[in-house]
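As a plain string of letters, each chain reads:
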Amino acid sequence: MPSNQQSTYYVTTPIYYVNDEPHLGHLYTTVAADVLARHQRLSGIDTYFLTGVDEHGLKVQQAAEARGIAPIDLADEVVAHYRALWPKFSISNDDFIRTSSEHHKRGVAAMWNRLRDAGALYKGFYEDWYCVPCETYWTETQLKEHGEDGVCPDCRRSVEKVQEESWFFRLSDYQQPLLDYYAAHPDFIGPDSRRNEVMRFVEGGLNDLSVSRNTFTWGVPVPDDAGHVIYVWIDALTNYLSALGFPDEDAEAMRFWPADIHLIGKDILRFHAIYWPAMLMAAGLPLPKRIFAHGWWTVDGEKMSKSKGNALQPAQMLEQVDADVIRYFLLREVPFGHDGDFSFDALKRRYNSELANDLGNMVNRTLSMLHKYRGGVLGVVHAEQAEYRAWIADIEAMQQEVDAAINTQAFHLALERIHQVVRHGNRMVEESAPWRLAKQGDDDRLDSVLYHLVEGLRLVVLQLSPFMPSKCDQLMAQIMGERAGLEQNLTHHGGWGLLTVGHRCAEPVPVFPRMEL
Ligand code: ME8
């Protein structure tokens, strides 16, 4: 059973910029976070899953100007798309934060005041470079070190010169405290390769960070210095706390802090693994337990971009493929943390072999035989044979291993392990040949094998349900028959033997029809 004994769990996605529509990359992080949240809830843990949008900053302001509309109108439009999209992919977020909301802005102002009161802020003059698409400051030296002049080392687009009065955060004070923290908390940053990357960066030295702008207005005003708006990353990172009610320490949801995991893409690791913990240290607040930076999706070998028009829009993908199948593919195809390439052909191949053939077949064959030979009703298990003991042991080991894999964000391993059990089940069908037992009138053995298959399937579907919630609801409805809708969780229903003699399964209805390539 789940190894995770803690009582609360808090998982977050990045809050996405509203300069553009959601695409495959945004879906990826959000689905992964959803699987973590669903798995924890299944394990009986009090869970909070946060996603939302990042509305402020120059990038959003410029995107709105280009459309000739106000930033808040652009934000409202894109927010409506996100809100319509997530339910289509069964995203079970408990909250959706907007950084334009009053409660968030109050949280940001409170964070600012805490930093200022701690002596971590001072006023100065910023004269260097800024990348608007990344909302990142760059020094002349950093630009030179990373190659081309005038180009952002991260996104390779043009940087602009900034010369203005600015507030600074004493980030340089946190070089050693951060290095000590990484050393003492080896699981703080995942995967390990990213942890090493961050440590090398911090070892190279940290400059104080410019944290306010006074040449545009689309942001949270600096308290007591109305000409300045707070740097969009200070604003955005604070969402993880403001959503819980910060600065009200006794707000009910504050029990979820510190977060168990911030899921992000590798593009925004520095902000989460350096700036955010340094800010929290300065503010005297507990740090999140883990930050995991996943890899980058390309599409048919190319980087997704607005100019190429090849960014896959999740809502349009649904015209071709079921949402749960996309969820499954994204987490199955590429080890979490690695880069991957999306193609519908690869998705269909994976689907046909693992879901249509293996899982679909196991469910259909098992339930069809149960109906054909036993009227859909489970009979008495007579013999405790070695093959059944091995089957139950395999399922129990799978439950442990899936839990461990999900708790280390190794989603592909969790799915691979579940799939191994499905293949084991199909082998059991072949080897025990229930159709032969039926012909021979060997009812005892027939009842035994059918029982083990159905009960095993139930536990497979339970483990798979965080990945494919609506497909698994359909499968569970067939397995549970009249008892469908019974609340399913691993704590109460994860053990072998919930189904008993006389249980009637529903007629099988195919859930994974083959797809044409
Ligand atoms: O960075 N492959 O927002 P954003 C995989 N507002 N994941 C991808 C991806 C791709 N090709 N493209 C985007 C921001 N993502 C800030 C975050 S958080 C306090 C503020 C995902 O709209 C991935 O999670 O640019 C990445 O980190 C995020 O979208 C960036 O979203």
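Every value quoted in this text rests on a predicted model; they were computed, and no experiment measured them. (Residues numbered from 1 in each chain as written. Predicted model: local features only at pLDDT ≥ 70, side-chain atom pairs only at ≥ 80, totals over all residues. Heavy atoms only, no water.)

Asks: Just to check I follow, could you spell out the side chain of T136 for this structure?
Replies: Tracing the sequence through the fold places T136 in strand β5 (residues 136-138). Under the relative-accessibility criterion, T136 is labelled buried at 0%. Looking at T136, its side chain comes within polar contact range of the main-chain oxygen of C134, at 2.9 Å. Sequence-distant contacts of T136, that is, excluding residues within four places in its chain, are made with W129, Y130, C131, Y231, R270 and F271. (Helix = DSSP H or I, 4+ residues; strand = E, 2+ residues; numbered from the N terminus. Buried < 20%, exposed > 50% of the residue type's maximum accessible area, 1.4 Å probe, protein only. Polar contact = N/O pair within 3.5 Å; in protein donor to acceptor, adjacent residues only side chain to side chain. Contact = heavy atoms within 4.5 Å.)

Asks: How should the nonpolar core be read in this particular structure?
Replies: One broad rule of soluble globular proteins: the nonpolar side chains tend to lie buried together. One finds M111, F169, Y182, Y231, L331, F342 and L359 to be the most contacted residues of the largest nonpolar core, which totals 178 residues. Here this core gathers at least three residues from each of two domains, domain 1 (8-319) and domain 2 (344-493). The next biggest cluster of nonpolar side chains, apart from the first, holds eight residues, and it includes C131, C152, C155 and V159. (Core = buried A, V, L, I, M, F, W, Y, C linked by side-chain atoms within 4.5 Å. Domains from an automatic or database assignment.)

Asks: Could you clarify how one ought to interpret the site of the ligand in this entry?
Replies: Taken together, 23 residues surround the ligand, and among them I15, T29, D54, D267 and W297 come closest. I15 is positioned with one of its backbone polar atoms (N or O) 2.8 Å from a nitrogen atom of the ligand. G265 places a polar main-chain atom, nitrogen or oxygen, 3.0 Å from an oxygen atom of the ligand. Every element with two or more residues in the shell around the ligand is listed here: β1 (8-17), α1 (24-42), α8 (232-237) and α9 (239-242). Among the residues forming the shell around the ligand, the class breakdown is twelve nonpolar, nine polar and two charged. (Near = heavy atom within 4 Å. Nonpolar A, V, L, I, M, F, W, Y, C, P; charged D, E, K, R; others polar.)

Asks: Can you walk me through the sheet that holds strand β14 (residues 297-299) in this structure?
Replies: Strand pairing in a sheet relies on backbone hydrogen bonds. The paired strands run either parallel or antiparallel. Taken in spatial order, the three strands of this open sheet run β15-β14-β16, and their pairing is mixed. Taken across any chain shown, the strands that pair with only one partner, and hence form the sheet edges, are β15 (302-303) and β16 (340-342). (Pairing = 2+ DSSP bridges.)

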